[in-house]
Amino acid sequence: MPQSILARAVLLFVGGLTILLAGVAAWLWTQQPAPNVASMGGTASTSRALVGGPFELIDQAGRARSEADFRGRYMLVYFGHSFCPDVCPTSLTVMTRALQALNDTEPGLAAKIVPIFITVDPERDTVEALAAYAPHFHERLVALTGTAAQVGAAAKAYRVYYAKVEDDYASDYLVDHSGFIYLMDPEGRYVTHFTHDATSDTILRAVLRRAGA
Ligand code: NI
């Protein structure tokens, strides 16, 4: 094969491969769940395999907890931080109110649901800080912290975004973060999530529909 034809063949091959890889990359990109696209009515479903997974954290009593501890029960999981001025307390209130309302009508089902709060600010949300924070919301709320790496791994599993933000007007830093409430099934698999504008009634109805007998 003359040199120029060989060179052209190599070029064509490389070009074709590049186009193919770009196509695969684009396809993979479209397969990503887009939980930041707010859904109608505050609930949404996405590909279940992509959200959730193992975590190794420490609860507000200082005990090591992993996601395996919650197998056999549904989890309502919210990532946030105790220094959050508005969105986190609101979401935790909405989440735990839904559980309270469920407890009033279906106590058996309510007992099978574990409300979980995972901090994205382990630096300030120590075990002690979470021990003081969690009782404001629910007696059964499991509040979890850990090392920066442990929290990072948990957030990554749930595709939670968070970043420390310096604020010129505040004496301390802020934490920017996504704020979804996830409903996970007894095998730890994703069922659905709720956006920050979901009401406790939306969550209650979804839990009854997805977890009710
Ligand atoms: Ni917040």
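A brief look at the structure comes next.

Thresholds applied
- Residues numbered from 1 in each chain as written.
- Predicted model: local features only at pLDDT ≥ 70, side-chain atom pairs only at ≥ 80, totals over all residues.
- Heavy atoms only, no water.
- Helix = DSSP H or I, 4+ residues; strand = E, 2+ residues; numbered from the N terminus.
- Expected span 1.5 Å × (residues − 1).
- Buried < 20%, exposed > 50% of the residue type's maximum accessible area, 1.4 Å probe, protein only.
- Donors = N, O, S within 2.8 Å, 3.2 Å for Na, K, Ca; no water.
- Phe/Tyr/Trp six-rings, centres within 6.5 Å; stacked < 30°, edge-to-face > 60°.
- Lys NZ or Arg CZ within 6 Å of the ring centre and 35° of its normal.
- Contact = heavy atoms within 4.5 Å.
- Pairing = 2+ DSSP bridges.

For an α-helix the count is 3.6 residues per turn, leaving residues at separations of three or four pointing the same way. With 19 residues, helix H2 (residues 87–105) extends 27 Å between its outermost C-alpha atoms, agreeing within 8% with the 27 Å of an ideal straight helix rising 1.5 Å per residue. Inspection of H2 places Cys88, Ser91, Leu92, Val94, Met95, Thr96, Ala98, Leu99 and Leu102 among the buried residues, and these make up the whole buried set.

As a further point, take helix H6 (residues 200–211). The terminal C-alpha atoms of H6 lie 16 Å apart, and with twelve residues this matches the ideal 16 Å at 1.5 Å per residue to within 8%. Among the residues of H6, Thr202, Ile203, Leu204, Ala206, Val207 and Ala211 are the ones counted as buried.

Another aspect to go through is the coordination of the nickel ion. The nickel ion binds to the protein through Cys84 (SG), Cys88 (SG) and His177 (NE2), with metal-donor distances spanning 2.1 to 2.3 Å. Here the donor residues of the nickel ion share one chain and are spaced in sequence as C-x3-C-x88-H. Here His177 lies in strand S8 (residues 174–177) and Cys88 lies in helix H2, a separation of 89 residues in the sequence. Both residues of the pair, Cys88 and His177, count as buried.

Moving on, we get to the packing of aromatic side chains. For the structure on display, the rule yields seven aromatic pairs. Taking the centre distance of 5.4 Å and the plane angle of 50 degrees together, the rings of Phe79 and Tyr158 count as tilted. Residue Phe79 is found in strand S4 (residues 74–80), and its partner Tyr158 is found in the loop between helix H5 (148–157) and strand S7 (162–165); the two are separated by 79 residues along the sequence. What makes Phe79 buried here is its relative accessible area of 1%. Ring centres 5.6 Å apart and planes at 45 degrees place the aromatic pair Phe117 and Tyr133 in the tilted group. Placement of Phe117 in strand S5 (residues 113–119) and of Tyr133 in helix H4 (residues 127–133) is noted, with a sequence separation of 16 residues between them. Like Tyr133, Phe117 is buried. An aromatic cluster is present here, built from Tyr78, Phe117, Tyr133 and Phe137 joined pairwise through their rings. In this structure, Lys164 is placed above the aromatic ring of Tyr173, and the distance from its NZ or CZ to the ring centre is 4.4 Å.

A word on the environment of Tyr78. Tracing the chain through its elements places Tyr78 in strand S4. By relative accessible area, which is 0% here, Tyr78 ends up buried. Sequence separation between Tyr78 and Phe117 is 39 residues; the distance between their C-alpha atoms is 5.0 Å. Apart from residues lying up to four places away in sequence, Tyr78 is in contact with Val87, Cys88, Ser91, Leu92, Met95, Ile116, Phe117, Ile118, His177, Gly179, Phe180 and Ile181.

Counting buried residues along S5, seven of its seven residues qualify, which places the element largely inside the surrounding structure. Burial along S5 is two-sided: the face carrying Ile113, Pro115, Phe117 and Thr119 and the face carrying Val114, Ile116 and Ile118 are both buried. Inspection of the sheet shows S4 paired to S5 by seven bridges, in the parallel sense. Among the inter-strand pairings, Phe79 is bridged to a residue of S5, identified as Ile118. Pairing between S5 and strand S6 (residues 142–145): three bridges, direction parallel. Among the inter-strand pairings, Ile116 is bridged to a residue of S6, identified as Val142.

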